[in-house]
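# A look at the structure
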Amino acid sequence: MREWSELFVTGREAPAAEDGENGGDERKRGFFGRLRENMTKTRQALGAELQATMFERLDDEAFERLEEALIYADVGARTTASIVERLESEAGSGALETGEDLTRRLRELLAETATVDNDTIDLRHSPAVILVVGVNGTGKTTSIGKIAWHLQRELGLSVLLGAGDTFRAAAGEQLEVWAERAGCDIVRGAEGSDPASVVFDTVEAGVARGVDVVICDTAGRLHTQQHLMQELAKVRKVIERKIPDAPHETLLTIDATTGQNGLRQAMLFRDVTDVNGIVLTKLDGTAKGGIALAIARELRLPVKLIGIGEGIEDLRPFDPDDFASAILEDDPKDSAAMPDRSREA
Amino acid sequence: MFDTLSDRLQEALGDVRSRGKLTEDDVNKAMRQVRLALLEADVNFKVVKEFTAAVRARALGAEVLESLNPGQQVVKIVSDELTQLMGGSGRDLVFARGGPTVILMAGLQGSGKTTACGKLARHLREEKSLDVAVAACDLQRPAAVDQLVKVGSQAGAAVYEQGTSRSPVDVAEWALGQAKADRRDVLIIDTAGRLHVDEALMSELSEVKKRTKPHNVLLVVDAMTGQDAVNVAEAFAGATAFDGAVLSKLDGDARGGAALSVKALTGKPILYASTGEKLDAFERFHPDRMAQRILGMGDVMTLIEKAESKMDERQAAELERKIKKNQFTLDDFLDQLKQVRSMGPLQGLLKMIPGVGQQLGGLQVDDRELDRLQAIITSMTPEERANPKIIDGSRRRRIARGSGTSVQAVSQLVKQFAQMQKMMRQLAKGQMPDLQGLAGGR
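Residues numbered from 1 in each chain as written. Chains lettered and ligands numbered in written order. Predicted model: local features only at pLDDT ≥ 70, side-chain atom pairs only at ≥ 80, totals over all residues. Heavy atoms only, no water.

A few words now on the overall build of chain A. Along chain A, the regular secondary structure elements total 13 helices and ten strands. Burial analysis of chain A (345 residues in total) assigns 59% to the buried set. For chain A, the accessible area works out to roughly 13,300 Å², and carbon and sulfur atoms hold 44% of it. (Helix = DSSP H or I, 4+ residues; strand = E, 2+ residues; numbered from the N terminus. Buried < 20%, exposed > 50% of the residue type's maximum accessible area, 1.4 Å probe, protein only. Areas by Shrake-Rupley, 256 points an atom, 1.4 Å probe, with all protein chains shown as cover.)

Let us look at helix 6 (residues 140-155) of chain A. Residues and elements named next belong to chain A. Look at helix 6: 21 Å from first C-alpha to last across 16 residues, which is about the 22 Å you get at 1.5 Å a residue. Of all 16 residues in helix 6, 13 are buried, a share of seventy percent or more. Looking at the residues trailing helix 6, positive phi occurs at Gly156, about 60°. (Expected span 1.5 Å × (residues − 1).)

Residue and element names in this part refer to chain B. As for its placement among the helices and strands, Asp170 is situated in helix 8 (residues 168-181). Relative accessible area serves as the criterion here: at 29%, Asp170 is assigned to the partly exposed category. Taking C-alpha positions, Asp170 is 8.9 Å from Arg211, a pair spaced 41 residues apart along the chain.

Here the focus is the sheet that holds strand 4 (residues 159-162) of chain A. Residue and element names in this part refer to chain A. Here we have eight strands laid out as an open sheet, ordered 5-4-6-3-7-8-9-10, and mixed in their pairing. Every other strand in the sheet has two partners, leaving strand 5 (185-187) and strand 10 (315-317) as the edge strands with one partner each. Each strand axis lies, on average, 25° off the axis of its neighbour in the sheet, ignoring direction. Pairing analysis gives three bridges linking strand 8 (residues 277-281) to strand 9 (residues 303-307), with the strands arranged parallel. Bridged to Leu280 within strand 9 is Ile306. In the packing of helix 6 onto the sheet, the strands contacted are strand 3 (128-134), strand 4, strand 6 (213-216), strand 7 (249-255), strand 8, strand 9 and strand 10, and the crossing angle to strand 6 comes to about 170°. (Pairing = 2+ DSSP bridges. Axes fitted to C-alpha atoms, helices over the stretch in contact; angles between N-to-C directions. Contact = heavy atoms within 4.5 Å.)

Let us look at the packing of helix 9 (residues 199-212) of chain B against helix 10 (residues 229-240) of chain B. All names here are of chain B. In the contact formed by helix 9 and helix 10, the axes pass within 9 Å of each other and the chain directions differ by 45°. Here helix 9 is positioned oblique relative to helix 10, judged by the angle of their axes. Taken together, the residues of helix 10 that come into contact with helix 9 (itself represented by Met202, Leu205, Ser206 and Lys209) are Ala235, Phe236, Ala239 and Thr240. Of the residues that constitute the contact of helix 9 with helix 10, the class distribution is five nonpolar, two polar and one charged. (Parallel < 35°, antiparallel > 145°, perpendicular 65-115°, else oblique. Nonpolar A, V, L, I, M, F, W, Y, C, P; charged D, E, K, R; others polar.)

Attention now goes to the interface of chain A and chain B. On the chain B side, the residues contacting the 44 residues of chain A number 40 residues. Carbon and sulfur atoms supply 53% of the area buried between chain A and chain B, which totals about 3,500 Å² over both sides. For Glu68(A), the salt bridge goes to Lys49(B), with nearest N and O atoms at 2.7 Å. There are 16 residue pairs in polar contact (both at pLDDT 80 or more) connecting chain A and chain B. When residues of the side of chain A that touches chain B are traced back to their parent elements, those giving at least two are helix 3 (60-72), helix 4 (77-92), helix 7 (171-182), helix 9 (226-242) and helix 10 (261-273) of chain A. (Buried area = accessible area lost by both parts, 1.4 Å probe. Salt bridge = Lys/Arg side-chain N within 4 Å of Asp/Glu carboxyl O. Polar contact = N/O pair within 3.5 Å; in protein donor to acceptor, adjacent residues only side chain to side chain.)

Further remarks concern the pairing of strand 6 (residues 244-248) of chain B. Looking down a regular strand, the side chains alternate between one sheet face and the other. All names here are of chain B. The buried fraction of strand 6 amounts to five of the five residues, a majority that puts the element mostly inside the structure. Of the two faces of strand 6, both are covered, the one formed by Gly244, Val246 and Ser248 as well as the one formed by Ala245 and Leu247. Of the pairings in the sheet, the one linking strand 5 (residues 216-222) to strand 6 comprises five bridges and is parallel in character. Bridge assignment links Val220 to a residue of strand 6, and that residue is Val246. At this point the chain moves from strand 5, through helix 10, to the parallel strand 6, and the crossover so formed is right-handed. Between strand 6 and its parallel partner strand 7 (residues 270-274), the chain crosses via helix 11 (residues 257-266), and the hand of that crossover is right-handed. (Right-handed = clockwise from strand over helix to strand, strands pointing away.)

Residues and elements named next belong to chain A. Taking burial as the measure, the five residues of strand 8 include five buried ones, the bulk of the element. Judged by which residues are buried, strand 8 turns out to be covered on both faces: Gly277, Val279 and Thr281 on one side and Ile278 and Leu280 on the other are all buried. Summarising the sheet, strand 7 and strand 8 pair through five bridges and their orientation is parallel. Bridging from a neighbouring strand, Leu252 pairs with Ile278 of strand 8. On the question of chirality, the crossover connecting strand 7 to the parallel strand 8 by way of helix 10 is right-handed. You can see the chain leave strand 8, run along helix 11 (residues 291-299) and come back into strand 9, and the turn it takes is right-handed.

Pasting the structure below:
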């Protein structure tokens, strides 16, 4: 699994965990228990397909059902075709012989597809500014609350939140509740006020108070609404005016239940706001989040964080190998196949 | 909305359409395209299989091969099957005889329930003159109650809320009592977003249903949902036996295959579509029209209805008279502009016109361009609006300053308007106007 300190580059030593080694393990166990639980349905869906097909022959039917399984995971027709074609040609050349070979190779290919360079978040700025954008209802505000909590708790950084969603009724109140839970300060503007000015005030306050990280929320918007997208460009510009190389990280939240439209979302948000990472949210349902693979493959945008539940701790750094393994794990109860087997050894 | 899917099908059937006869190869090729387009539109895998099989079987039948224009036949078959898949004809909400009609809203987190509550409340008030109350039973998400209080009052609905300390089941029951006491026509119950795999929350939802006995349970489904839409719909059908769905965020460019999947696999119709940020961006879902739209035939019916509801007949007659007498002024133009804008974002309107959805492609129509035109005209004096010929250089500078635009923009508008008047004179005389000239003015 990937540690918080591996995702976030802070340029300083991670603080000694207050609860010591064992406590850390405890947390880890808690996380894996949760992830295992949360991904059970995922694995049942995809895993069941794979078990039924791939442990038999490597025939056309096996590939057809493999293709179906990937389509069901929302990986998308193009990315599915590229993976299936590659496996077919490897099977044709004799590199794959058994169903087990196919499973192993598929896992590798999925992980490889999910792996993109520049998958860290650089916080070596004072303050580092993170802008969070996305379509309505994808989980921006919730993710921000969780990130703030983790940054303070795991990395000992001070965080200031900016309530840049001045459009949706009660969005500011929602972020305020998260700020309280995370134990950090928040800058708010009036509902209906200019989001750019709230964000500007937030960054200014962040500089004045000397916080480590400023995280700015924005209103959810459909990527097709040009005037709202221009508003985001303006928000970016305002931040840049205050701190020339900021925002240092722009995260796009994508709902794991999203289908192929996720690719359009990523493309258009990237064009307007220079997105450099994805937060894949709501992975705790039956949705497989396969669209993240299509986004990684076609846009070279890495998933950096995954949301796996309602609790404040339910956010994790994304790990391509874990993602692929967990998706393909055959038996949900077989915890030894999970990447934390070292703990049990 | 569904434009990309319609483009794909158009493309897939394009050469079949232009050819007289249809070979088995043609059908296979077209069906491959249809399959791919539907999969990319997030239509459920099983539904796609069944759909293409049904279309293929019918397309290969004698009725097509022997008909004079097989291409047209295939388009018709795809259209028929699609309409059928989407729900046949429209269905309406069920209303109680006496006592409040209870509508329970359910869905995943972020699907747009609270917004849909507000929009539905407004819709029922405006369209059916009903006295509507909404009940805040989403006690899970921070500030959800505040949001419903705001959205509900914007919609002109009474809001029943008891903060977040009681259980949602109790609040719902209490709200029903209130609605009865206040003699409301409709009570809309907002609930927390929940994952369909969360057993505790799903049984809580069943409990709310048991206690309030809603006449309608509506599932709010995000139009952008992928293959998972089916799992979600099936789980909610199990827990709440919902009666219909509201398709949200349909104003994006998602192809909305989820709508097809939900209907096809649960048999529950889509009742409403949510199509924009504003409270009035909410309409009845018309499966037949939507199928036409998917096939790139445009959605003329919706457009006409929108125009009818916004345009005043007398105004229209007056306008016609002015055009005939060549008295169309910039003031009239401004009125027209405002009327068109009251129908919603321009991009949405254009897509409803047959053929335009495809031609538009990636073109973005900027509503702010219209803001600028409005600003320029309102910066003119009444004389200038009645007789734009008097607008000279110094007037142009003043108008540009007043409207915050440039002299070039003002000149362009004046020039365009002159061309428009010329065009209208031609129209009034019964000639076909030269549209090229108008377009070239930009």
